[in-house]
Amino acid sequence: QVQLVESGGGLVQAGESLRLSCAASGSIFSINNMGWYRQAPGKQRELVAAITGDGSTNYADSVKGRFTISRDNAKDTVYLQMNSLKPEDTAAYYCNAVIATIQVPAGMYYWGKGTLVIVSS
């Protein structure tokens, strides 16, 4: 059974930084795309940043220049470095990954349970 577990959320003031981590565990054959999504109260879940298996990245316009996504393939972990945080970044942040297993070699999407980020003004 595959699990994604996020960590690193918390309460910070505007302008400060946080680093989120998401570790995959279980019977993993390979991990393709990984990403971070967020959902603010009353809003739809949105893509924040994504990274492919070969390291190509893309970001939501609202976080470009402030957030950096990276991954450590040896640890099956993806990170989100968040700098210059703003109150509008307040949301639950969810990790997502396309993971191949022996049972599903084509891969399927997995989600973490989320970590809360609160940015005070």
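Presented here is a report on the structure given in the accompanying data block.

So, how was this worked out
Residues numbered from 1 in each chain as written. Predicted model: local features only at pLDDT ≥ 70, side-chain atom pairs only at ≥ 80, totals over all residues. Heavy atoms only, no water. Buried < 20%, exposed > 50% of the residue type's maximum accessible area, 1.4 Å probe, protein only. Helix = DSSP H or I, 4+ residues; strand = E, 2+ residues; numbered from the N terminus. Salt bridge = Lys/Arg side-chain N within 4 Å of Asp/Glu carboxyl O. Core = buried A, V, L, I, M, F, W, Y, C linked by side-chain atoms within 4.5 Å. Contact = heavy atoms within 4.5 Å.

1. Considerations on unusual backbone geometry
Of note, the phi angle at Asp 76 is positive, near 50°, even though the residue is not glycine. Classification of Asp 76 as partly exposed rests on a relative accessible area of 25%. Of note, the phi angle at Ser 84 is positive, near 50°, even though the residue is not glycine. Position of Ser 84 relative to the elements: it lies in the loop between strand E8 (77-82) and strand E9 (91-100). On the basis of relative accessible area, Ser 84 is assigned to the partly exposed category, the value being 41%.

2. With respect to the pattern of salt bridges
All told, the structure shown has four salt bridges when counted by the stated rule. Of the charged contacts in the structure, one is a salt bridge between Asp 61 and Lys 64, with a shortest N-O distance of 3.1 Å. Each of Arg 38, Glu 46, Arg 66 and Asp 89 takes part in a single network of salt bridges with overlapping partners.

3. So, the nonpolar core
The biggest cluster of nonpolar side chains holds 30 residues, and the ones touching the most others in it are Trp 36, Leu 80, Met 82 and Tyr 93. Listing elements by their share of this core, those giving two or more residues are strand E3 (18-25), strand E4 (30-39), strand E5 (46-51), strand E7 (67-72), E8, E9 and strand E11 (115-120). No other element matches E9, which puts five residues into this core. The residues contacting Met 82, other than those within four sequence positions of it, are Glu 16, Ser 17, Leu 18, Leu 20, Arg 66, Phe 67, Tyr 93 and Val 117.

So far we have only geometry, and geometry alone does not tell us how the molecule works.
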